[in-house]
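Coordinates in review
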Amino acid sequence: MFEDLKAPEADKILRLMAMFAADPRPGKVDLGVGVYRDPQGQTPVMEAVRRAETIIAARQRTKSYVGLAGDPAFADALRRLILGDAVPAERVATCATPGGTGAVRQALEMVQRITPDATIWVPTPTWVNHHAIIDHLGQKSRAYRYYDAADGTLDREGMLADLAQARAGDIVLLHGCCHNPTGADLQPDDWRAVGDVLEQTGAIPFIDIAYLGFADGLEADAFGTRHLAERLSEVLIAASCSKNFGLYRERVGLCMAITSGPGPRAAAAGLMAHLNRQSYAFPPDHGARVVQVILDDRELRGMWEDELSLMRETMNTNRAAFAEALRAETGSDRFGFLAGQRGMFSLIGATPAQVETLREDHGIYVVGDGRLNVAGLTKDTIPGVARAVARVLG
Ligand code: PLP
Ligand code: TYF
């Protein structure tokens, strides 16, 4: 059966990760895959996570199965973190998934099951896995304008004009905060305008929120999600704890469906559990339990929030320092937009050839579309990276 098989094209971000690992040059700099790094260049286990794991190790008496939708206490804690009291729990169906990617997959599977003719509206650009999963499921998709590359900001007018063309029941994919790959986010006023368009068209938002707490703080970063949750009767949400809890390999995600009331909620919850069953039955529990223990314990939660704030400050400090170094190198404000964007990623506007030169000649690893992970920078690497970017992008 495998004789004539052609392997599908590999994920370009993960391919870059392998190339970086194989590069023997000592001065190489990884600005590729979306992993947070501290000022020493490490991705440590967060202290709150370590403590929660100690508590779990001491108290856990069984590793028996939990349930198809995962632990309800985890779902409840993460729902409250993201949604606050924007919607009553009786309207929200939840199901734990392997990572945010699993939540994206399960949400889109639900759409496929319920409304196979729906068009999925995706921002240009968006995370590569959005396209990969939508194409895998054979869903119809349409691009909406999102990013104004000329000044590194949201193309608000283009976005609203395109989304006005969505039909009732279509799905509009939005990034909750820290847009991947542009770092250009919707501001409260933009969320309100998107809410207006969704109300007018009857399209349903699908919010992918993988970086809560990485932009301006837990409350500020949840604004858009909560705003739409308050206004609309139906919202899909895919949440990840990979980044903000540093639990990448544990695979912690939650799929949420806000419904109009208890009846539809029960049906959606049933469908989610069913979809988990078809794919892998029980979602991973360890990382989800770590998140629940942290969120439900005052001391651990405070510790986690402090650590998260430090991570956010590191990224925002890197942004300002990198923009400043590029200003000094280029004598222009061409890269000034980097300081105003949020999250791990920004597009530096490099062509594929320039990305290759950065890698081959300077040992600087940036994703092929010119996406750079600002968390991969440190005080020591910023001057060299800025010099190389200025020279190569000349
Ligand atoms: N959605 C977006 C936009 C992402 O950038 C990521 C990457 O981390 C995810 C979802 C989910 O990641 P994971 O499956 O590792 O939780
Ligand atoms: O965009 C990123 O770098 C992260 C990590 O298939 C990631 O979101 C990259 C590729 C992938 C899954 C996760």
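Position labels on residues start from 1 in each chain and follow its written sequence. All chains are assigned letters beginning at A, and all ligands numbers beginning at 1, according to the order in which they are written. In view of the model being predicted, local features appear only for residues whose pLDDT reaches at least 70, and side-chain atom pairs are presented and counted only at 80 or more, with totals across whole chains, interfaces and linings using the full set of residues.

**Digging into the overall build of the protein chain**
- Every helix listed is a DSSP run of H or I at least four residues long, and every strand listed is a run of E at least two residues long, numbered separately from the N terminus. In terms of helices and strands, the protein chain carries 15 helices and 13 strands.
- Radius of gyration: C-alpha atoms only; globule rule: 2.2 Å multiplied by the number of residues to the exponent 0.38. In summary, the protein chain has a C-alpha radius of gyration of 21 Å against a globular reference of 21 Å for 394 residues, a match within 12%.
- With respect to the three principal axes, the spread of C-alpha positions in the protein chain is 60 × 55 × 55 Å.
- The buried share among the 394 residues of the protein chain stands at 46%. The burial criterion counts other C-beta atoms lying within 10 Å of a residue's C-beta, which is placed from the backbone; the residue is buried at 20 or more, exposed at 12 or fewer, and partly exposed between these limits.

**Focus on the site of ligand 1**
- Neighbouring residues of ligand 1: 14 residues in total, closest G99, G100, T101, S240 and S242.
- Ten residues, namely Ala, Val, Leu, Ile, Met, Phe, Trp, Tyr, Cys and Pro, are considered nonpolar, four, namely Asp, Glu, Lys and Arg, are considered charged, and the remaining ones, Gly among them, are considered polar. Of the residues contributing to the shell around ligand 1, the split by class is 4 nonpolar, 9 polar and 1 charged. In this analysis, residues qualify as near a molecule or strand once their C-beta atom, positioned from backbone atoms, comes within 6 Å of it.

**Structural notes on the UniProt feature "domain: Aminotransferase class I/classII large" (unreviewed entry) in the protein chain**
- If you check UniProt for "domain: Aminotransferase class I/classII large" (unreviewed entry), the listed places come out as residues 27–388 in our numbering.
- Helix makes up 46% of residues 27–388 and strand 15%, whereas the separation of the span's terminal C-alpha atoms amounts to 13 Å. UniProt positions are given in the numbering used here, feature names are shortened, and annotations may be inferred rather than shown by experiment.

**Here's the deal with the site of ligand 2**
- Residues in contact with ligand 2, as listed here, are D11, I13, L14, V33, G34, T101, W127, N129 and N180.
- Residues belonging to the shell around ligand 2 are distributed by class as follows: 4 nonpolar, 4 polar and 1 charged.

**Focus: the sheet that holds strand 7 (residues 171–175)**
- Between any two strands, pairing holds if DSSP finds at least two bridges. Spatially, 2-10-9-8-7-3-4 is the arrangement adopted by the 7 strands of the open sheet, whose pairing is mixed. Of all the strands in the sheet, just strand 2 (92–97) and strand 4 (140–145) have a single pairing partner and so form its edges. When strand polarity is set aside, the average angle formed by the axes of neighbouring strands in this sheet is 20°.
- As paired elements, strand 7 and strand 8 (residues 204–209) share 5 bridges and run parallel to each other. Helix axes are fitted to C-alpha atoms over the stretch in contact, other axes to C-alpha atoms as well, and angles between N-to-C directions run from 0 to 180 degrees.

**Concerning the environment of A93**
- Relative to the elements of secondary structure, A93 occurs in strand 2.
- Given 23 C-beta atoms within a 10 Å radius, A93 is considered buried.
- Through-space distance from the C-alpha of A93 to that of D117 is 23 Å; in sequence the pair is 24 residues apart.
- Excluding residues that lie within four positions of it along the chain, A93 makes contacts with M256, A257, T259, R265, A268, A269 and M272. We call two residues in contact whenever the C-beta atoms placed from their backbones are within 7 Å.

**Observations regarding helix 3 (residues 72–83)**
- With 12 residues, helix 3 ought to run about 16 Å at 1.5 Å a step, and its terminal C-alpha atoms sit 16 Å apart, in line with that.
- Against strand 2, strand 8, helix 9 (223–231), strand 9 (235–240), strand 10 (253–258) and helix 11 (286–295) lie the buried residues of helix 3.
- At the C-terminal side of helix 3, G84 shows a positive phi close to 55°. By definition here, a helix of n residues has an expected span of 1.5 Å times n minus one.

**Digging into the pairing of strand 4**
- Relative to strand 4, strand 3 (residues 119–124) runs parallel, the two sharing 6 bridges. Directly across from V122, in strand 4, lies its bridge partner A143.
- Crossovers are described as right-handed under a simple rule: with the strands pointing away from the observer, the path leading from the first strand over the helix to the second runs clockwise. For the crossover that starts at strand 3, traverses helix 5 (residues 128–136) and ends in the parallel strand 4, the hand is right-handed.

**With respect to the environment of L173**
- By the secondary structure assignment, L173 is in strand 7.
- Sequence separation between L173 and L83 is 90 residues, and the spatial gap between their C-alpha atoms is 18 Å.
- When sequence neighbours within four positions are dropped, the list of residues in contact with L173 reads I120, W121, V122, P123, T126, H130, F206 and D208.

**Describing the pairing of strand 10**
- For strand 10, a buried count of 6 out of 6 residues is recorded, marking the element as mostly surrounded by other parts of the structure.
- Neither face of strand 10 is left uncovered, since the one carrying G253, C255 and A257 and the one carrying L254, M256 and I258 both have all their residues buried.
- Here strand 2 runs beside strand 10; their pairing, made up of 6 bridges, is antiparallel. Bridge pairing in strand 10 links A96 to L254.
- One ladder, built from 6 bridges, connects strand 9 with strand 10; its direction is antiparallel. Its bridge partner being in strand 10, V235 is matched across the sheet by I258.

**Section: the confidence of the model for the protein chain**
- pLDDT measures the predictor's confidence residue by residue and takes values from 0 up to 100. Residues with a pLDDT of 70 or more make up 100% of the protein chain, whose mean pLDDT is 97.
- Taken together, the chains of this predicted complex give a pTM of 0.97 and an interface ipTM of 0.98.

**Focus on the packing of helix 2 (residues 47–59) against helix 12 (residues 298–330)**
- It is the contact of helix 2 with helix 12, at a shortest axis distance of 8 Å, that shows an interaxial angle of 150°. With respect to their mutual orientation, helix 2 and helix 12 come out roughly antiparallel. Residues E47, A48, R51 and A52 of helix 2 form the contact with helix 12, whose own contacting residues are L300, M303, W304 and E307. Here the word oblique covers every angle except those under 35 degrees (roughly parallel), over 145 (roughly antiparallel) and from 65 to 115 (roughly perpendicular).

**Describing the environment of W191**
- Considering the arrangement of structural elements, one finds W191 in helix 7 (residues 188–201).
- For W191, a count of 21 C-beta atoms within 10 Å gives the class buried.
- Separated by 77 residues in sequence, W191 and I114 have C-alpha atoms that sit 26 Å apart.
- In contact with W191, not counting residues within four places along its chain, are L186, F223, G224, H227 and L228.

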